[in-house]
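Descriptive analysis of the structure
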Amino acid sequence: MIYKLGLKKMELEYWTDEQVNFLKENYKKIGDVELAEIFNSKWTKNKGWTKKHIEKKRRYLGLKRTEKQKLEIVKSNSRNGKYNTSEKSWKTRGVTKTGTLKVWKLSTGRSVVVIRLKDRFTPYAPYFYKNQIGEVPKGMNVCFKDGNPLNIVKENLVLKSDAELASENSKNRTPNELKETIRLINKINKKIKEKS
């Protein structure tokens, strides 16, 4: 009844034999984007033709290109000016100047200040400490008294050992409820020792 009344969500547009034959004859030498352009000019349809339509039909028909055929399509498109070879972003945008400071957001959600050196970026706090205060001893880490990694001034920097950091991190990861439970267990154990 819905179809009789014309209440369709969309009108399906099926491939014709002519379109399928054209695809079979040309897919080896013409790329999917270019095929979609040709289909749009030769056979207009409501939704238009996209690269996805062509790819899906090729997969359905089992029409696969060899690496050699793919390379020939790229070469052909390059000659026609349709294929842009990508350039490294640093060539188009330029390289950050040495000495530039940037704030990077880490995957952990924390931020870190980095400085551009001649050939790389490096964390700024240890670099600043070394240049303003002195060498950072092996096994020591530059930390922030106020906990703010963006506040890099002499007065806010402090050295902590790996063991100190590990201890602080484990304390910070322990939920308050668990801390309270551990405290109560210790209290109970103390009472048991006293009784025995």
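Here, every reference points to the structure presented above.
What comes next is a walk through the structure. (Residues numbered from 1 in each chain as written. Predicted model: local features only at pLDDT ≥ 70, side-chain atom pairs only at ≥ 80, totals over all residues. Heavy atoms only, no water.)

Attention now goes to the overall build of the chain. When helices and strands are tallied, the chain shows 9 helices and 5 strands. If you list the helices and strands of the chain from N to C, you get α-α-α-α-α-α-β-β-β-α-β-β-α-α. Taken over 196 residues, the chain has a buried fraction of 23%. Relative to all contacts within the chain whose residues are 6 or more apart in sequence, the contacts with residues 24 or more apart total 32%. Carbon together with sulfur atoms contributes 53% to the accessible area of the chain, which is approximately 15,800 Å² in total. (Helix = DSSP H or I, 4+ residues; strand = E, 2+ residues; numbered from the N terminus. Buried < 20%, exposed > 50% of the residue type's maximum accessible area, 1.4 Å probe, protein only. Contact = heavy atoms within 4.5 Å. Areas by Shrake-Rupley, 256 points an atom, 1.4 Å probe, with all protein chains shown as cover.)

This part covers the side chain of Asn156. Along the chain, Asn156 turns up in the loop between β4 (140–144) and β5 (157–161). The class for Asn156 is buried, based on a relative accessible area of 5%. There is a polar contact of 2.8 Å between the side chain of Asn156 and the backbone oxygen of Asn151. Sequence-distant contacts of Asn156, that is, excluding residues within four places in its chain, are made with Cys143, Phe144, Lys145, Asp146, Asn148 and Asn151. (Polar contact = N/O pair within 3.5 Å; in protein donor to acceptor, adjacent residues only side chain to side chain.)

With the rule as written, the count across this model stands at 9 salt bridges. Here Glu55 makes a salt bridge to Lys52, at a shortest N to O gap of 4.0 Å. Of the two residues, Glu55 and Lys52 are both situated in helix α4 (residues 51–61); the distance of 3 residues between them amounts to about one turn of the helix. Under the relative-accessibility criterion, Glu55 is labelled buried at 18%. Lys130 serves as the salt-bridge partner of Glu135, at 3.8 Å between the closest nitrogen and oxygen. Residue Glu135 is classed as exposed on the basis of its relative accessible area, which comes to 58%. Through salt bridges with shared partners, a single network forms among Asp32, Arg58 and Arg65. (Salt bridge = Lys/Arg side-chain N within 4 Å of Asp/Glu carboxyl O.)

Once that is clear, we can look at a positive patch on the surface. Taken together, the side chains of Lys187, Lys190, Lys191 and Lys195 define a basic patch exposed on the protein surface. Note that Lys190 resides in helix α9 (residues 176–195). (Patch = residues over 30% accessible without salt bridge, like charges linked within 9 Å, V, L, I, M, F, W, Y side chains within 5 Å. Lys, Arg positive; Asp, Glu negative; His and termini not counted. Charge placed at Lys NZ, Arg CZ, Asp CG, Glu CD.)

This part takes up the packing of aromatic side chains. Note on aromatic pairs: each is described by the distance of the centres and the angle between the planes. Taken as a whole and judged by the stated rule, the model has 9 aromatic pairs. Measuring from centroid to centroid gives 5.8 Å for Phe22 and Phe39, while their planes differ by 70°, and the two rings are edge-to-face. Taken as a pair, Phe22 in helix α2 (residues 17–26) and Phe39 in helix α3 (residues 32–42) lie far apart in primary sequence, 17 residues in all. Ring plane angle 65° and centroid distance 4.8 Å describe the contact between Phe39 and Trp49, whose orientation is recorded as edge-to-face. One end of the pair, Phe39, is in helix α3; the other, Trp49, is in the loop between α3 and α4, and 10 residues separate them in sequence. (Phe/Tyr/Trp six-rings, centres within 6.5 Å; stacked < 30°, edge-to-face > 60°.)

The packing of two helices is summarised by the inter-axis angle and the distance between the axes. Relative to each other, α2 and α3 sit at 150°, their axes nearing to 12 Å. With respect to α3, the axis of α2 lies roughly antiparallel. Pair α2 / α3 crosses with right-handed handedness. Facing Gln19, Phe22, Leu23 and Asn26 of α2, the residues of α3 in contact are Leu35, Ile38, Phe39 and Lys42. (Axes fitted to C-alpha atoms, helices over the stretch in contact; angles between N-to-C directions. Parallel < 35°, antiparallel > 145°, perpendicular 65-115°, else oblique. Left-handed = near helix turned anticlockwise from the far one by under 90°.)

This next bit is on the packing of α3 against α4. Contact pair α3 / α4: the axes reach a minimum separation of 8 Å and the direction vectors enclose 110°. Relative to α4, the element α3 is oriented roughly perpendicular. Residues Asp32, Val33, Leu35, Ala36 and Phe39 of α3 form the contact with α4, whose own contacting residues are Lys51, Ile54, Glu55 and Arg58.

This part covers the pairing of strand β2 (residues 111–116). Summarising the sheet, strand β1 (residues 101–105) and β2 pair through 5 bridges and their orientation is antiparallel. Bridge pairing in β2 places Leu101 opposite Ile115. Connecting β1 to the antiparallel partner β2 that follows it, the hairpin turn spans 5 residues, and Gly109 within it adopts a positive phi of roughly 100°. In sequence, β2 turns back onto strand β3 (residues 121–123) through a hairpin of 4 residues. (Pairing = 2+ DSSP bridges.)

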